[in-house]
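# What the coordinates show
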Amino acid sequence: MNAPDSSSTPLEVHDLTVAYHKKPVLYGIDLQVPEGSLIGIIGPNGAGKSTFIKAVMGLLPVSSGWVKIFGKSYRENCHRVGYMPQRESVDWDFPVSVMDVVLMGRYGRLRLAQRPTKQDREIARNCLEKVKMLPFANRQIGNLSGGQQQRVFLARALAQESDLYLMDEPFVGVDAATEAAIIALLRELKSRGKTLLVVHHDLASAKEYFDKLILLNMRLVAFGDTDEVFTPEILQTTYGGRLTILSEVAQTLSTTP
Amino acid sequence: MQQLIPPFDWHRIFVQPWTTDFSITIWVVLMGFFVTAACGLVGNYLLLRRMALIGDAISHSILPGLVLAFMIFKHNSTWVMFLGAFSAGLLTVAIIEFIHRQSRIKPDAAICIAFTVLFALGVALMSSLESQGTIHIDAECVLYGEIAFIPLEPPTVWNGMEIGPPSAVRMGIVLVVVALAIAVFYKELLVTAFDGGLAKSLGMRTSVWHYALMGALAIVVVSAFEAVGAILAVAMLIVPPMFAAQLSSILPVRLGLTVLHAGLSAVLGLHLSVWLNCSGAGAMVVAAAFLFVLAWLGTMAGSIRNRSLAVDRCSRDENLPQVRSL
Ligand SMILES: Nc1ncnc2c1ncn2[C@@H]1O[C@H](COP(=O)(O)OP(=O)(O)OP(=O)(O)O)[C@@H](O)[C@H]1O
Ligand SMILES: [Mg+2]
């Protein structure tokens, strides 16, 4: 594949504007995500991080602009995208088991009315194993802790076997050991040439985890290699001078070489 | 009390319906079962999507639907009436969505606005037609239904064979179609109800599934209202899945329990109506609710027992003082 071929660009967004009730919350986002990178999306609450991810997948109507996934429209390439929503987006009292939820990750590959095959179950089991949730496969999802629910969602995203992953706050509510295990998994996916966009809230670890950062606050404040964009000036613009956060960041910056 | 509640005569209540009155009983029970099971199966998905009120809205839109269909086609054949009620149901859903999208009105308020206004329209149109003497729609029948009349319908004949009362045959077909559709499209109905965002991101057309479910709901309610009326149909949508939800947290099991509950409610309801000489549909809803309360008390007793076992275990364990305070 030669370089200018857009079909090797996992995600290309041009002039994307998204509005809720005619009130824009994201303006003119332009970016091109290279293949095989682990990218953090950071920004304050209400910055439009979830909105950005949803708009990329066409879950929200966009006011202007376009999105291309591996050079085609989202609909044409939806089977190449894996999605991990925020945990609060579903009802955890729903009468399904952990296995049922992970199998949903396989639904995109099944025809209308086709049931998951033995092979799908095998893949789902492998993904549960990877997040150490296999012993819980037959549990009703309501009987899990928050961190376990998060791991089930991760397993479901893994089961999609996609080339581009969009993850909304996968680290919320998990303990340090689980967080380390998850980031190891994400790095492994990256080493296999997958591209991952991960919404993340903890600035202290963002610098360590991600190759590149997307800094959002209604507009695209910056996008680039972590070393280049993780600077006090850019963070200040993104977070709009919120003192507590900035002092933390200043500390992070002064303690990391 | 002696006059209010008729004496409990075992033979009259439990034996006679299944011997001398068998040909009537069987169709009342079957119709009750078909209605409750079909409504309950669809109702499971309403409950999962937190859309219980939509059933209320669709059932109330039947009245204006019937009246408008009659005004447009000047005809009161079953199919015209069915079509009118069905389209009114879907139109109600579309109106609700339109209101919800175009304004910041919350869905529950949008539902209440849409269906009360449509129902009022139905009442107004009907009374104006009646005062002209053009038609007589029995409002009581639309609202409460009369299951006891079902066995009196001239039976449907197919290939020279008498099958049964047309309403019951129709309802039976609806039940089979609903059950088959749930079995065939289990995966699609599951993921669109659980996580619409994921379903859409997988390339599924979630709005098509939403309207398919609403269409099924409209068909079920419209076919049911002759027997149980528009108001009791709402109970049939909600009570069986609530019963099932008390007993299981596995969706296929819940669907099975819904059907079982429908059968039990129909039989119990029949005997209750024979005993009290009351409306069959009303008695079936009372029986259905009674079964729900039993299941609910059962699970409450179960969870209290579990908790006291847990407290026993904790109080033996000196290291867990904070749990003991439960
Ligand atoms: N369904 C909605 N209707 C109207 N406005 C919304 C809706 N969802 C989000 N918004 C608004 O859009 C903006 C961006 O929201 P979004 O959820 O994308 O933020 P976020 O960056 O993901 O925040 P968080 O860090 O809290 O998850 C917010 O100002 C929010 O108020
Ligand atoms: Mg968010």
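As a starting point, this report considers the structure included with it. Treat the numbers as computed from the prediction; the structure is a model and nothing was measured. (Residues numbered from 1 in each chain as written. Chains lettered and ligands numbered in written order. Predicted model: local features only at pLDDT ≥ 70, side-chain atom pairs only at ≥ 80, totals over all residues. Heavy atoms only, no water.)

## Observations concerning the overall build of chain A
Let me state the cut-off plainly: Each helix corresponds to a stretch of at least 4 residues labelled H or I by DSSP, and each strand to a stretch of at least 2 residues labelled E; elements are numbered beginning at the N terminus. Two things to know: the radius of gyration comes from C-alpha atoms, and the globule rule equals 2.2 Å times the number of residues to the power 0.38. Classification of residues uses two cut-offs on accessible area relative to the type maximum, computed with a 1.4 Å probe and protein chains only: under 20% is buried, over 50% is exposed, and between them is partly exposed. Contacts between residues were defined by any pair of non-hydrogen atoms, one from each residue, lying within 4.5 Å. Only the protein chains shown count as cover for residues, and all accessible areas are computed by the Shrake-Rupley method using a 1.4 Å probe. Charge convention: Lys and Arg are scored as positive, Asp and Glu as negative, and His as well as the terminal groups of each chain are ignored. Taken as the charge centre is NZ of Lys, CZ of Arg, CG of Asp or CD of Glu, depending on the residue.
Summing up its helical and strand segments, chain A has 9 helices and 9 strands in all. In summary, chain A has a C-alpha radius of gyration of 18 Å against a globular reference of 18 Å for 257 residues, a match within 12%. Overall, the C-alpha framework of chain A stretches about 50 × 40 × 40 Å when taken along its three principal axes. Here chain A holds 257 residues, and the buried ones make up 52% of them. Here the analysis covers contacts within chain A between residues at least 6 apart in sequence; of these, 67% occur between residues at least 24 apart. Put simply, chain A shows about 11,400 Å² of open surface, and 49% of that area lies on carbon and sulfur atoms. Here chain A contributes 29 positively and 28 negatively charged side chains, and the mean placements of these two sets differ by 7 Å.

## Focus: the overall build of chain B
Assigned secondary structure in chain B consists of 14 helices and 2 strands. The principal-axis extents of the C-alpha atoms in chain B amount to approximately 80 × 60 × 45 Å. Counting over 326 residues, chain B shows a buried share of 45%. A fraction of 71% describes how many contacts in chain B between residues 6 or more apart in sequence connect residues 24 or more apart. For chain B, the accessible area works out to roughly 16,100 Å², and carbon and sulfur atoms hold 69% of it. Considering chain B, the positive charge centre built from 17 side chains and the negative charge centre built from 17 side chains are found 15 Å apart.

## Considering the interface of chain B and chain A
This is how the line gets drawn: The term buried area refers to how much accessible surface (probe radius 1.4 Å) is lost by two components on association, counted for both of them together. Here a salt bridge means any side-chain nitrogen of Lys or Arg lying within 4 Å of a carboxyl oxygen belonging to Asp or Glu. We define a polar contact as two N or O atoms separated by no more than 3.5 Å, with the added condition that, inside protein, one atom must be a possible hydrogen donor and the other a possible acceptor, whereas residues neighbouring each other in sequence contribute only through side-chain atom pairs.
Each side of the interface is counted separately: chain B has 29 residues, and chain A has 29 residues. At the boundary of chain B with chain A, total buried surface from both sides reaches about 2,600 Å², with 63% on carbon and sulfur atoms. The largest per-residue losses of area from chain B upon contact with chain A belong to Lys187, Phe194 and Leu202 of chain B, which jointly make up 29% of the total buried on that side. Among the ionic pairs, Asp195 of chain B bridges to Arg156 of chain A, the shortest N-O distance being 2.8 Å. Along the contact surface separating chain B from chain A lie 9 residue pairs in polar contact (both at pLDDT 80 or more). Take the side of chain B that touches chain A: its biggest share by element is 7 residues, from helix H9 (residues 186-194) of chain B.

## Considering the sheet that holds strand S5 (residues 81-84) of chain A
Residues and elements named next belong to chain A. Applied cut-off: In this scheme, strands are said to pair when DSSP sees at least two bridges between them. Lines are fitted to the C-alpha atoms to define the axes, a helix being fitted only along its stretch in contact, and any angle between axes, read from their N-to-C directions, falls within 0 to 180 degrees.
Strand order across the open sheet formed by 6 strands is S5-S6-S7-S3-S8-S9, with mixed pairing between neighbours. Pairing within the sheet leaves two strands with one partner each, and these edge strands are S5 and strand S9 (219-225). For this sheet, the mean inter-axis angle between neighbouring strands, taken without regard to orientation, is 15°. Both S5 and strand S6 (residues 164-168) contribute to a ladder of 4 bridges, which runs parallel. For Met84, the partnering residue across the bridge sits in S6 and is Met167. Packed onto the sheet, helix H1 (residues 49-56) meets strand S3 (38-42), S5, S6, strand S7 (195-199) and strand S8 (212-217) and runs at close to 145° relative to S6. Helix H4 (residues 146-159) rests against S5 and S6 of the sheet, and its axis sits at about 170° to S5.

## Section: the pattern of salt bridges
Residues and elements named next belong to chain A. Applying the stated criterion to the full structure yields 11 salt bridges over all chains. Between Asp163 and Lys194 there is a salt bridge; the shortest N-O distance is 3.6 Å. Of this pair, Asp163 sits in the loop between H4 and S6 while Lys194 sits in the loop between helix H5 (176-191) and S7, and the two are 31 residues apart along the sequence. Assessed through its relative accessible area of 24%, Asp163 is described here as partly exposed. Classification of Lys194 by relative accessible area gives buried; the value is 14%.

## So, unusual backbone geometry
Residue and element names in this part refer to chain A. Of note, Asp15 is a non-glycine position whose phi angle comes to about 50°, a positive value. Residue position: Asp15 is located in strand S1 (residues 11-20). Positive phi is not limited to glycine here, since Phe70 has a value of about 45°. Mapped onto the elements of the fold, Phe70 is located in the loop between strand S4 (64-69) and S5. For Phe70, a relative accessible area of 3% gives the class buried.

## Some words on the environment of Leu30 of chain B
Residues and elements named next belong to chain B. Checked against the element boundaries, Leu30 lands in helix H2 (residues 22-48). For Leu30, a relative accessible area of 26% puts it in the partly exposed group. Distance in space between the C-alpha atoms of Leu30 and Ala266 is 7.5 Å, their sequence separation being 236 residues.

## Focus: the pairing of S1 of chain A
Residue and element names in this part refer to chain A. Across 7 bridges, the pairing between S1 and strand S2 (residues 23-33) is antiparallel. In the sheet register, Ala19 faces S2, and the bridge partner there is Pro24. Connecting the antiparallel pair S1 and S2 is a turn made up of 2 residues, with His21 showing a positive phi of about 50°. With 5 bridges connecting them, S1 and S4 associate as antiparallel partners. Within S4, the residue paired with His14 across the bridge is Trp66.

## Some details on the packing of aromatic side chains
How two aromatic rings sit relative to each other is given by the distance of their centres and the angle of their planes. Residue and element names in this part refer to chain B. Keep this limit in mind: Stacked, edge-to-face and tilted are the three classes for Phe, Tyr and Trp ring pairs, Trp counted by its six-membered ring, which pair at centre distances within 6.5 Å; planes under 30 degrees apart are stacked, over 60 edge-to-face, the rest tilted.
The tally for this structure, following the rule as stated, stands at 13 aromatic pairs over all chains. Relative to Phe86, the ring of Phe82 lies with its centre 6.4 Å away and its plane at 5°, an arrangement referred to as stacked. Here Phe82 pairs with Phe86, and both are found in helix H5 (residues 78-102), just 4 residues apart, close to one helical turn. Taken together, a centroid distance of 6.5 Å and an interplanar angle of 5° make the contact between Phe292 and Trp296 stacked. Highlighted residues: Phe292 and Trp296, both in helix H13 (residues 280-316), separated by 4 residues, approximately one helical turn. Judged by relative accessible area, which is 17%, Phe292 ranks as buried. For Trp296, a relative accessible area of 39% puts it in the partly exposed group. Among the aromatic side chains, those forming a connected cluster through ring pairs are Phe8, Trp10, Phe14 and Trp275.

## Observations regarding a nonpolar patch on the surface
All names here are of chain B. For clarity, the threshold we go by: Note that patches include only residues with greater than 30% relative accessible area and no salt bridge, and the join distances are 9 Å for like charges and 5 Å for nonpolar side chains (Val, Leu, Ile, Met, Phe, Trp, Tyr).
A cluster of nonpolar residues, Leu68, Met71, Ile72, Phe73 and Leu121, forms a patch on the protein surface that exposes about 450 Å² of accessible area. With 4 residues, the single largest contributor to the nonpolar patch is helix H4 (residues 62-73). Mapped onto the secondary structure, Met71 falls in helix H4.

## Focus: the site of ligand 1
All names here are of chain A. Applicable threshold: By convention in this text, a residue qualifies as near a molecule or strand provided that one of its non-hydrogen atoms is within 4 Å of it. Three categories are distinguished: nonpolar for Ala, Val, Leu, Ile, Met, Phe, Trp, Tyr, Cys and Pro, charged for Asp, Glu, Lys and Arg, and polar for the others, with Gly belonging to the last.
Residues in close proximity to ligand 1 total 13 residues, the closest being Gly46, Lys49, Ser50, Thr51 and His201. Protein chains shield 63% of the accessible area of ligand 1, which is 640 Å² for the free molecule. The leading source of residues in the shell around ligand 1 is H1, at 3 residues. Residues of the shell around ligand 1, tallied by class, amount to 4 nonpolar, 7 polar and 2 charged.

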